[in-house]
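# Structural description and commentary
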Amino acid sequence: MEQIRLGIIGIGGMGANHARIIAEGKVPALKLTAVADIMENRRAWALKEYGGEVAVFDEGSKLIESDACDAVLIATLHYIHPSLAIKALEHGLHVISEKPAGVYTKQVREMNEAAEKSDKVFAIMFNQRTNCLYRKMHELVSGGELGRIKRVNWIITDWYRTQSYYDAADWKATWDGEGGGVLLNQCPHQLDLLQWICGMPIRVRAFCHEGKWHNIEVEDDVTAYLEFADGATGVFVTTTADAPGTNRFEITLEMGKLICENGKLLLYRLSENERDFCMSAKEGFAQPKCTFEEVETDGQNEQHVGVLKAFADRILHGTPLVAEGAEGIHGLTLSNAMHLSSWLDKMVEIPFDEDLFLTELNKKRAFSQKKTGSGVVFDTTGTY
């Protein structure tokens, strides 16, 4: 099989995990040939781990210009995802970026425009889209058999993080280093899935509590109210401080209700459309008949391996990606809108003023505190 030479820019927790996946041969079409990291200890780890088999660079730009790879995986600090992607695409390399696509939509829009001009593959690491439960939810909702969405509720609080997690790196949980907290670090997957399955809300009212449960600058507790164009409403709740946490994704539709929780997808199916029943029933307390079932799926959930396989297959055979790189802007639009709503203390329409968002973000960055990280790199295996 023809192999694609892959370079990984950023070999912290996630980057190192991707490197192991490739080095262990889990994606046969990809061969790890180069890595880059600005941290000396991470470069030392790579040299020890891979010896002379993999080229090691101290900057992502040097890796891009080295001709050591055909494609790059970007797993750096959030702010520089777009600039590195643009540089790689312009240099003729295929690109896959870790989430989030960037910190603010204006920079991501520039990245997407660069990708449109390029003939190279551009993907994003939305590995949760490989989960059979979410794929089935997408299929059932988009198929229309359950009618229109009426209400969406997602409580996603199983992100518990200790203070040592935040203390590990100087950039982590700072406005100037990371650009946000739980919305930008832990929740990009859920925000992507929410809009992928349910569509994009048209307005958001959010309350983002900064440093409520940890000694950090950014938000670690969020409650957001969503409104959709067709009248549906939603609530999104997340935090990194609940132990034990909850992950319950509930969608109420005209013909029933989907509940995704504890590794199962449950369907309460109505015998008739609730809207029709409501307007025609003669009894004030009557309810439409309802059946209950656990929805069968194909059981497949390849996560990062599945995304990387699809990336390689698109390059070699032109087959579909798990997620096009340009789609990264959608979930980021939601998190930007939530931040802006909280900062301005009001409802925010989508699309919002991207220049206003950047102005408000830069106000946060101007007072961002510098800190010294412990240097600990945590193994992210099994945390997603």
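In the block above lies the structure referred to throughout.
Residues numbered from 1 in each chain as written. Predicted model: local features only at pLDDT ≥ 70, side-chain atom pairs only at ≥ 80, totals over all residues. Heavy atoms only, no water.

Within the structure shown, the criterion is met by 9 aromatic pairs. Relative to Phe-357, the ring of Trp-343 has its centre 5.3 Å away and its plane inclined at 25 degrees; by these criteria the two rings are stacked. Here Trp-343 is found in helix H11 (residues 328-344), whereas its partner Phe-357 is found in helix H12 (residues 354-366), with 14 residues between them in sequence. Classification of Trp-343 by relative accessible area gives buried; the value is 17%. Here the aromatic rings of Phe-352 and Phe-357 are separated by 6.1 Å at their centres, their planes lie at 50 degrees, and the arrangement is tilted. (Phe/Tyr/Trp six-rings, centres within 6.5 Å; stacked < 30°, edge-to-face > 60°. Helix = DSSP H or I, 4+ residues; strand = E, 2+ residues; numbered from the N terminus. Buried < 20%, exposed > 50% of the residue type's maximum accessible area, 1.4 Å probe, protein only.)

Okay, unusual backbone geometry next. The omega angle of the peptide bond from Lys-99 to Pro-100 is -10 degrees, so this bond is cis rather than trans. Inspection of the secondary structure puts Pro-100 in the loop between strand E5 (94-97) and helix H5 (105-117). Note that the residue after Ala-243, namely Pro-244, is joined by a cis bond; omega there is 0 degrees. When you line up the elements, Pro-244 lands in the loop between strand E10 (233-239) and strand E11 (247-253). In the Ramachandran plot, Asp-67 falls in the positive-phi region, its phi being about 65 degrees despite a non-glycine side chain. With respect to the helices and strands, the residue Asp-67 is situated in the loop between helix H3 (60-65) and strand E4 (71-74). A relative accessible area of 59% places Asp-67 in the exposed class.

We now examine H5. Given a rise of 1.5 Å per residue, 13 residues ought to cover 18 Å, and the 18 Å separating the end C-alpha atoms of H5 matches this to within 8%. When H5 is considered as a whole, its buried residues turn out to be Thr-105, Gln-107, Val-108, Met-111, Asn-112, Ala-114 and Ala-115. In this fold, the buried residues of H5 make contact with helix H4 (81-90), strand E6 (122-124), H11 and H12. (Expected span 1.5 Å × (residues − 1). Contact = heavy atoms within 4.5 Å.)

Evaluation of the coordinates by the stated rule reveals 27 salt bridges. In this structure, the salt-bridge partner of Arg-203 is Glu-349, at a minimum N-O distance of 3.2 Å. Here Arg-203 is found in strand E8 (residues 203-210), whereas its partner Glu-349 is found in strand E15 (residues 348-349), with 146 residues between them in sequence. In the salt-bridge network here, residues are joined through shared partners; they are Arg-248, Glu-250, Lys-257 and Glu-261. (Salt bridge = Lys/Arg side-chain N within 4 Å of Asp/Glu carboxyl O.)

Attention shifts here to helix H10 (residues 303-317). Helix length check: H10 (15 residues) gives 21 Å between terminal C-alpha atoms against 21 Å at 1.5 Å per residue, within 8%. Where H10 is concerned, the buried positions are Gln-303, His-304, Val-305, Gly-306, Val-307, Leu-308, Ala-310, Phe-311 and Ala-312. Residues of H10 that are buried in the fold lie against strand E1 (4-9), helix H1 (13-23), strand E2 (30-36), E4, E5 and E6. Following H10 by one or two positions, Gly-318 has its phi on the positive side, about 75 degrees.

This next bit is on the side chain of Glu-227. You can see Glu-227 is positioned in strand E9 (residues 219-227). Look past the residues within four positions of Glu-227 in its chain and what remains in contact with it is Pro-201, Ile-202, Arg-203, Ala-232, Thr-233 and Met-347.

Our next topic: the sheet that holds strand E7 (residues 149-156). In space, the 9 strands of this open sheet follow the order E14-E13-E12-E11-E7-E10-E9-E8-E15, with mixed pairing throughout. The open sheet terminates on both sides in strands that have one partner only, identified here as strand E14 (290-294) and E15. Bridge count for E7 against E11 is 7 bridges, and the pairing is antiparallel. Counted as the bridge partner of Ile-155 is Arg-248 from E11. (Pairing = 2+ DSSP bridges.)

As a further point, take the pairing of strand E12 (residues 256-261). As paired strands, E11 and E12 are joined by 6 bridges and run antiparallel to one another. Across the sheet, residue Glu-250 finds its bridge partner in E12, namely Ile-259. Linking E11 to E12, which pair antiparallel, is a turn of 2 residues. By the bridge criterion, 6 bridges tie E12 to strand E13 (residues 264-270) in an arrangement that is antiparallel. Within the sheet, the bridge partner assigned to Cys-260 lies in E13 and is Leu-265. Hairpin connection between E12 and E13: a loop of 2 residues separates the two successive antiparallel strands, and Asn-262 in this loop has a positive phi of roughly 55 degrees.

Within this structure, the stated rule accounts for 0 disulfides. The closest cysteine sulfur to the non-disulfide-bonded Cys-187 is located on Cys-208, 10 Å from its own sulfur. With relative accessibility at 0%, the residue Cys-187 sits in the buried group. (Disulfide = S-S within 2.5 Å.)

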